[in-house]
Amino acid sequence: MSTRLNLTLSIWRQADADSPGRFETYPAKDIPDDASFLEMLDIVNEGLIENGQEPIEFPHDCREGICGTCGVMINGRAHGQEKGTATCQLHMRKFNDGDTIVIEPWRAAAFPVIKDLVVDRSPLDRIIEAGGYIGAPTGTAPDANEILIPKEVADSSMDAAACIGCGACVAACPNSAAQLFTSAKLWHLNSLPQGQTERFRRSENMVETMEEFFGSCTNHGECTEACPKEISQDFIAYMNRDYVKSKVFNRRLAGQH
Amino acid sequence: MAAPTAAGKVTGSKSADRPIRVAKKRDLPFPLNIYQTAVGKKWVMAVTGVILLGFVLFHMFGNIKLYLGVIEHDGERLYDIDIYAEGLRELLTPIFPRTWLLWLLRGGLIVAFGLHIHSAYTLTRMNAVVNRQYQSKRDWLAANFASRSMRVTGIIVGLYLLFHLADLTWGWIPGYDWERGQVQANVVNSMSNPVVAIIYIVANVLLAVHIFHGAYSMFQSLGINNPRYNSVRRNLATALAVIILVGNVSFPIAVLAGIIDYDPNLVSA
């Protein structure tokens, strides 16, 4: 038998990007404590639909914590109070009966609200697009282990590649900066042999595209705390290093290094 | 079940596809192009921060001579801090004429201050454009008082610097008879006024708060990050802030307590 929770939700409602939004209060009654946060919203929406009201739009897709679609501010924290957890993996047993939960969409000028809790995160795609290509061989299948990568390097690259692009780093940042996202995407490739061909052009292009949409880093560390994959802000330092190198190096002479 | 999320391109004036900030029109020649970007501006802020931090540390170290009182110098009895002040003007004097190196150093500091302030100003403006405030209360997890108040502490320390120059370098602050070269007398006469002493104490507490975040932050901005010594960075910043705090705050307190004093009868006429 699971415990049942009665909660009060204060949720941001906004009809579309151009309409003004406001907080509305909804009761969430009889919520099983083994429901996920998104399932709780499903239950509330079913009630709203039955009453002929407009259901709450919220971003979600895989509900397995790997797609990066979900993500809202829950009581002032991106993805809620659980560390290293996406909104879909946050469970109602982490809340207490009678709690009031404030739910707000990500806020950044680059993330306009589409409706209610759903924001447009396509500027993150613009940063990825600016990254260009990697030196991936085509044609016949390459031999296994043809390119040797030290275990530590592979681990570091994999830690960066864990980024699911949810935008929590931007949402949590007081400057709406996307440094953690961009640096994770950069280090994922810049640390590997396959990523060296385009390393400095990639760093330059992705950072400069990022700065057309997002703010600058002031090293608070809120991004790492908010990240559902706990990506380290160390990558931001690596990105800063590679970016300044990309400006200083003469890439025609790269072979001399 | 909830309705599926809105899909497709968002139309309307608030499309996310258009850059929020106007892209730079053209690349300036190297190395100025580094300063055209936020990452480069942070780099400049960090480098100038190191320079200013070095100055603050050395300034504090030099001021400790206030405690040494009168010493024998070339057969004369003089306050040690006055000898030190004259020594700064005579740095490398056989090579440079008197005060030339001092002015060179001052010039470097003025440039560092200018760039530190300009980069902070432009980055603040940039962040104001791209940022949107939350309508509900934020729950800060990692950001501390120091990191969130850098702009405020920076402005106050900047204003305090002007006051400090007006007080002890230019002698513009009324209340005592300022005299060029009489460092011990000027410091004691100025800070024995409790109001002035409190200004010095408060400003130096804020300076230490500024350094607590700045000295840590500069490592990240410069890309100095290595798992072998990352744990040292926060401790180093804390140690620097504490050293500056204890050293600088001790001077006005010591003047008020009479530990640092000035007696014209002790020095050779």
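Residues numbered from 1 in each chain as written. Chains lettered and ligands numbered in written order. Predicted model: local features only at pLDDT ≥ 70, side-chain atom pairs only at ≥ 80, totals over all residues. Heavy atoms only, no water.

Focus on the overall build of chain B
Under the convention used in this document: Only DSSP runs of H or I covering at least 4 residues are called helices, and only runs of E covering at least 2 are called strands; the numbering of each starts at the N terminus. Only the C-alpha atoms count toward the radius of gyration. The rule for a globule is 2.2 Å times the residue count to the power 0.38. Note on classification: 1.4 Å probe, protein chains only; a residue is buried when its accessible area is under 20% of the maximum for its type, exposed when over 50%, partly exposed between these limits. Whether two residues touch is decided by their heavy atoms; if any such pair falls within 4.5 Å, the residues are in contact. Here, Shrake-Rupley sampling with a 1.4 Å probe gives the accessible areas, and only protein chains in the shown set may cover a residue. Positive charges come from Lys and Arg, negative ones from Asp and Glu, while His and the chain ends are left out of the count. For this purpose, a charge sits on NZ of Lys, CZ of Arg, CG of Asp or CD of Glu.
From N to C terminus, chain B includes nine helices and two strands. N-terminal to C-terminal, the α/β element order of chain B is α-α-β-β-α-α-α-α-α-α-α. At 24 Å, chain B has a C-alpha radius of gyration far larger than the 18 Å of a compact globule built from 269 residues. Summarising its shape, the C-alpha atoms of chain B cover approximately 90 × 45 × 45 Å along the three principal directions. Within chain B, buried positions represent 40% of all 269 residues. Long-range contacts, defined as pairs at least 24 residues apart, comprise 66% of the intrachain contacts of chain B with a sequence gap of at least 6. Summed over its atoms, the accessible surface of chain B is roughly 15,200 Å², and 67% of this surface lies on carbon and sulfur atoms. Computed over 24 positive and 15 negative side-chain charges, the inter-centroid distance for chain B is 27 Å.

Points about the overall build of chain A
Helix and strand counts for chain A come out as eight helices and seven strands. Projected onto the principal axes, the alpha-carbon positions of chain A cover approximately 70 × 40 × 35 Å. The buried share of chain A, reckoned over its 257 residues, is 57%. Across chain A, the fraction of contacts at a sequence separation of at least 24, relative to all contacts at a separation of at least 6, is 68%. As displayed, chain A has an accessible area near 10,800 Å², and 48% of this comes from carbon and sulfur atoms. Between the averaged position of the 24 positive side-chain charges in chain A and that of its 37 negative side-chain charges there is a distance of 5 Å.

Focus on the domain arrangement of chain A
Residue and element names in this part refer to chain A. Our working definition: Domain borders in the structure are assigned automatically or taken from a domain database. Summed over both partners, the accessible surface that disappears when two parts come together, traced with a 1.4 Å probe, is what is meant by buried area.
The domains assigned to chain A are domain 1 (4–115) and domain 2 (122–256). Put simply, the middle of domain 1 and the middle of domain 2, counted by C-alpha atoms, are 30 Å apart. Listed per partner, the contact involves 17 residues of domain 1 and 20 residues of domain 2. Note on domain 1 versus domain 2: buried area summed over both sides is about 1,300 Å², and carbon and sulfur give 59% of it.

Quick look at helix α9 (residues 230–257) of chain B
Think of an α-helix as turning once every 3.6 residues; residues three or four places apart then point the same way. Residue and element names in this part refer to chain B. Formally: By this rule the span expected of a helix is its residue count minus one, scaled by 1.5 Å. The quantity called bend is, for any residue, the angle between two axes fitted respectively to the seven residues ending at it and the seven beginning at it.
A rise of 1.5 Å per residue sets the reference length of α9, with its 28 residues, at 40 Å; its end C-alpha atoms lie 41 Å apart and thus fit the reference within 8%. At Ser 250, α9 shows its largest bend, some 30°, and a proline, Pro 252, comes one to four positions later. Just beyond α9, the residue with positive phi is Gly 258, at close to 85°.

Quick notes on the interface of chain A and chain B
You'll often see interface size given as the accessible area lost when the parts meet. For clarity, the cut-off: Only one rule defines a salt bridge in this text: a Lys or Arg side-chain nitrogen within 4 Å of an Asp or Glu carboxyl oxygen.
Listed by partner, the interface residues are 64 residues for chain A and 59 residues for chain B. Between chain A and chain B, roughly 5,200 Å² of surface is buried when both sides are summed, and carbon and sulfur atoms account for 53% of that area. Between chain A and chain B we count two salt bridges in total. Among the ionic pairs, A:Glu222 bridges to B:Arg138, the shortest N-O distance being 3.8 Å.

Looking at the packing of aromatic side chains
Defined as follows: When the centres of two rings from Phe, Tyr and Trp lie within 6.5 Å, Trp using its six-membered ring, the rings pair. Their planes under 30 degrees apart give stacked, over 60 give edge-to-face, and anything left gives tilted. Charge-over-ring contacts are defined here by two conditions on Lys NZ or Arg CZ: a distance within 6 Å of the ring centre and an angle within 35 degrees of the ring normal.
Scanning all chains against the criterion turns up twelve aromatic pairs over all chains. Arranged with centres 5.3 Å apart and planes meeting at 75°, the rings of A:Phe200 and A:Phe249 form a pair that is edge-to-face. A residue pair is termed long-range when its members are at least 10 positions apart, and A:Phe200 in helix α6 (residues 199–213) and A:Phe249 in the segment after α8 (234–248) qualify at 49 residues. Look at A:Phe249 and you get partly exposed, because its relative accessible area is 27%. Taken together, a centroid distance of 6.3 Å and an interplanar angle of 50° make the contact between A:Phe213 and A:Phe214 tilted. Residue classification places A:Phe213 among the buried positions, given a relative accessible area of 2%. Exposure remark for A:Phe214: the relative accessible area of 0% places this residue in the buried category. Three or more aromatic residues link up through ring pairs in this structure, and these residues are A:Phe111, A:Phe213 and A:Phe214. Cation over ring: B:Arg138 sits above B:Trp140, and NZ or CZ is 4.2 Å from the ring centre.

Here we look at the confidence of the model for chain B
Residues and elements named next belong to chain B. Which entries qualify depends on this criterion: Residue-level confidence of the predictor is summarised by pLDDT, bounded by 0 at the bottom and 100 at the top.
Averaged over chain B, the pLDDT score is 91; the fraction of residues at 70 or greater is 93%. Note that pLDDT drops below 50 for residues 1–13; the model gives that stretch 24 contacts with residues more than four away or on any other chain. As scored by the predictor, the complex reaches a pTM of 0.91 and an ipTM of 0.90.

Some details on a nonpolar patch on the surface
Our working definition: By definition, no residue in a patch forms a salt bridge, and every one has over 30% relative accessible area; like charges are joined within 9 Å, nonpolar side chains (Val, Leu, Ile, Met, Phe, Trp, Tyr) within 5 Å.
The grouping of B:Phe61, B:Ile64, B:Tyr67 and B:Ile259 at the surface amounts to a nonpolar patch, some 400 Å² of accessible area in total. Within the element layout of this structure, B:Phe61 appears in helix α2 (residues 38–63).

Side note on helix α3 (residues 80–89) of chain B
Of the residues making up α3(B), those classed as buried are B:Asp80, B:Ile81, B:Asp82, B:Ile83, B:Tyr84 and B:Ala85. Against the buried residues of α3(B) lie α2, β1 (70–73), β2 (76–79) and α7 (183–191) of chain B.

Points about the sheet that holds strand β2 (residues 22–32) of chain A
Residues and elements named next belong to chain A. As a reminder, the rule being used: Should DSSP find at least two bridges between two strands, the strands are taken to pair. Only the stretch in contact is used when fitting a helix axis, every axis being a line fitted to C-alpha atoms; angles between N-to-C directions are given from 0 to 180 degrees.
Within the open sheet, the five strands sit side by side as β2-β1-β5-β3-β4. Their pairing is mixed. Each end of this open sheet is capped by a strand with a single partner; those strands are β2 and β4 (77–78). Relative to strand β5 (residues 100–104), strand β1 (residues 4–13) runs parallel, the two being bridged by four bridges. Across the sheet, the residue bridging to Thr 8 is Thr 100, located in β5. Contacting β1, β2, β3 (73–74) and β5, helix α1 (residues 37–50) crosses the sheet at an angle of about 105° to β2.

Here's the deal with the pairing of β2(B)
Residues and elements named next belong to chain B. In the sheet, β1 pairs with β2 via four bridges, with the strands oriented antiparallel. Looking at β2, one finds that Glu 72 is bridged to Arg 77. In this antiparallel pair of consecutive strands, β1 and β2, the connection spans two residues, and Asp 74 shows a positive phi of 50°.

Focus on the nonpolar core
Residues and elements named next belong to chain A. The condition is simple: Residues belong to one nonpolar core when they are buried, are Ala, Val, Leu, Ile, Met, Phe, Trp, Tyr or Cys, and are joined through side-chain atoms within 4.5 Å.
Counting 43 residues, the largest nonpolar core has Trp 106, Phe 111, Ile 127 and Phe 214 as the members making the most contacts within it. Looking at this core, the elements with two or more residues in it are α2 (122–130), α4 (168–172), α5 (179–190), α6, α7 (222–226) and α8. When we break this core down by domain, the ones giving at least three residues each are domain 1 (4–115) and domain 2 (122–256). Core analysis: the next-biggest nonpolar cluster, separate from the first, contains 28 residues, Ala 35, Leu 38, Met 40 and Ile 56 among them.

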